[in-house]
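# Geometric and topological summary
For reference, the chains in residue letters:
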Amino acid sequence: MVIKIDEYSDVPIYMQIRNQIVMGISSGELASGEQLPTVRSLALEMGINTMTVSKTYQILKNEGYITTDRKNGARVRAEIKQSGVISEENKAELRRIVSEARLSGVSKNDIKNLIDEYY
């Protein structure tokens with residue numbers, strides 16, 4: 001999986017990496033149990049500070065998407081707990097996206113089609 005960073009984005013780099021890894025897991029591009037790059041190698045490859053990658057991995061671990069240990073490094077969790085609930089933060093983000101789409105003249109049907117495509 002190739003992670004791309006937009007240096008001009010308002011989204012912090014650690015969140016850009018986090019979001020792309022979550023999308024990679026969701027899409028199956030990152031398989032259950034798959035080894036992620038080491039903190040050092042990902043930081044070097046992307047030209048960013050190791051603490052940024054370390055922070056990203058810690059967030060992903062706390063959210064239950066990955067496991068980490070000194071011997072095996074970071075891996076996609078074999079089983080990700082499914083709560084069946086959308087967080088309030090994600091609801092707010094979805095509301096913002098729908099609002100912007102509606103103001104841009106995107107139809108409700110087009111939004112539903114995109115959801116179907118991404119789901």
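Structure: above.
Since the structure is predicted, the reported quantities are computational estimates derived from the model, not experimental observations.

### Things to note about the overall build of the protein chain
Helix and strand counts for the protein chain stand at five helices and two strands. Ordered by position from the N terminus, the helices and strands of the protein chain form the series α-α-α-β-β-α-α. In terms of its C-alpha atoms, the protein chain occupies a principal-axis envelope of roughly 50 × 35 × 25 Å. A fraction of 48% describes how many contacts in the protein chain between residues 6 or more apart in sequence connect residues 24 or more apart. Looking at the protein chain as shown, the accessible area adds up to about 9,300 Å², and 51% of this sits on carbon and sulfur atoms. Of note, the protein chain has its 16 positive side-chain charges centred 7 Å away from the centre of its 16 negative side-chain charges.

### Overview of the pattern of salt bridges
Scanning the model with the defined rule gives four salt bridges in all. Residues R96 and E93 are paired through a salt bridge, measuring 2.6 Å at the closest nitrogen-oxygen approach. Of this pair, R96 and E93 both sit in helix α4 (residues 88–103), three residues apart, which is roughly one turn of that helix. Overall, the relative accessible area of 36% leaves R96 in the partly exposed class. Note on E93: relative accessible area 38%, which makes it partly exposed.

### Focus on the side chain of Q20
Following the sequence through the fold, Q20 ends up in helix α1 (residues 13–27). On the accessibility criterion, Q20 (16% relative accessible area) is buried. Beyond its immediate stretch of four places on either side in the chain, Q20 contacts M1, V2, I3 and K4.

### Quick look at the nonpolar core
Core analysis: the biggest nonpolar cluster contains 16 residues, and I21, L36 and Y57 have the highest contact counts within it. Put simply, the parts of the chain that give this core at least two residues each are α1, α2 (39–46), α3 (50–62) and β2 (73–76). The element that contributes the greatest number of residues to this core is α1, accounting for four residues. Leave out the neighbours within four places in its chain, and Y57 touches I21, L36, P37, V39, L42, I66 and A74.

### Section: the packing of aromatic side chains
For the structure on display, the rule yields zero aromatic pairs. One Lys or Arg, K55, reaches over the ring of Y14 and ends 4.0 Å from the middle of that ring.

### Some points on the packing of α2 against α3
Between α2 and α3, the shortest axis-to-axis distance is 8 Å and the interhelical angle comes to 125°. One way to sum up the angle between α2 and α3 is to call them oblique. In this structure, α2 meets α3 at a crossing whose hand is right-handed. On α3, the residues touching V39, R40, L42 and A43 of α2 are T50, V53, S54 and Y57. Looking at the contact of α2 with α3, its residues break down into five nonpolar, two polar and one charged.

Here is what the cut-offs are and how they apply
- Residues numbered from 1 in each chain as written.
- Predicted model: local features only at pLDDT ≥ 70, side-chain atom pairs only at ≥ 80, totals over all residues.
- Heavy atoms only, no water.
- Helix = DSSP H or I, 4+ residues; strand = E, 2+ residues; numbered from the N terminus.
- Contact = heavy atoms within 4.5 Å.
- Areas by Shrake-Rupley, 256 points an atom, 1.4 Å probe, with all protein chains shown as cover.
- Lys, Arg positive; Asp, Glu negative; His and termini not counted.
- Charge placed at Lys NZ, Arg CZ, Asp CG, Glu CD.
- Salt bridge = Lys/Arg side-chain N within 4 Å of Asp/Glu carboxyl O.
- Buried < 20%, exposed > 50% of the residue type's maximum accessible area, 1.4 Å probe, protein only.
- Core = buried A, V, L, I, M, F, W, Y, C linked by side-chain atoms within 4.5 Å.
- Phe/Tyr/Trp six-rings, centres within 6.5 Å; stacked < 30°, edge-to-face > 60°.
- Lys NZ or Arg CZ within 6 Å of the ring centre and 35° of its normal.
- Axes fitted to C-alpha atoms, helices over the stretch in contact; angles between N-to-C directions.
- Parallel < 35°, antiparallel > 145°, perpendicular 65-115°, else oblique.
- Left-handed = near helix turned anticlockwise from the far one by under 90°.
- Nonpolar A, V, L, I, M, F, W, Y, C, P; charged D, E, K, R; others polar.

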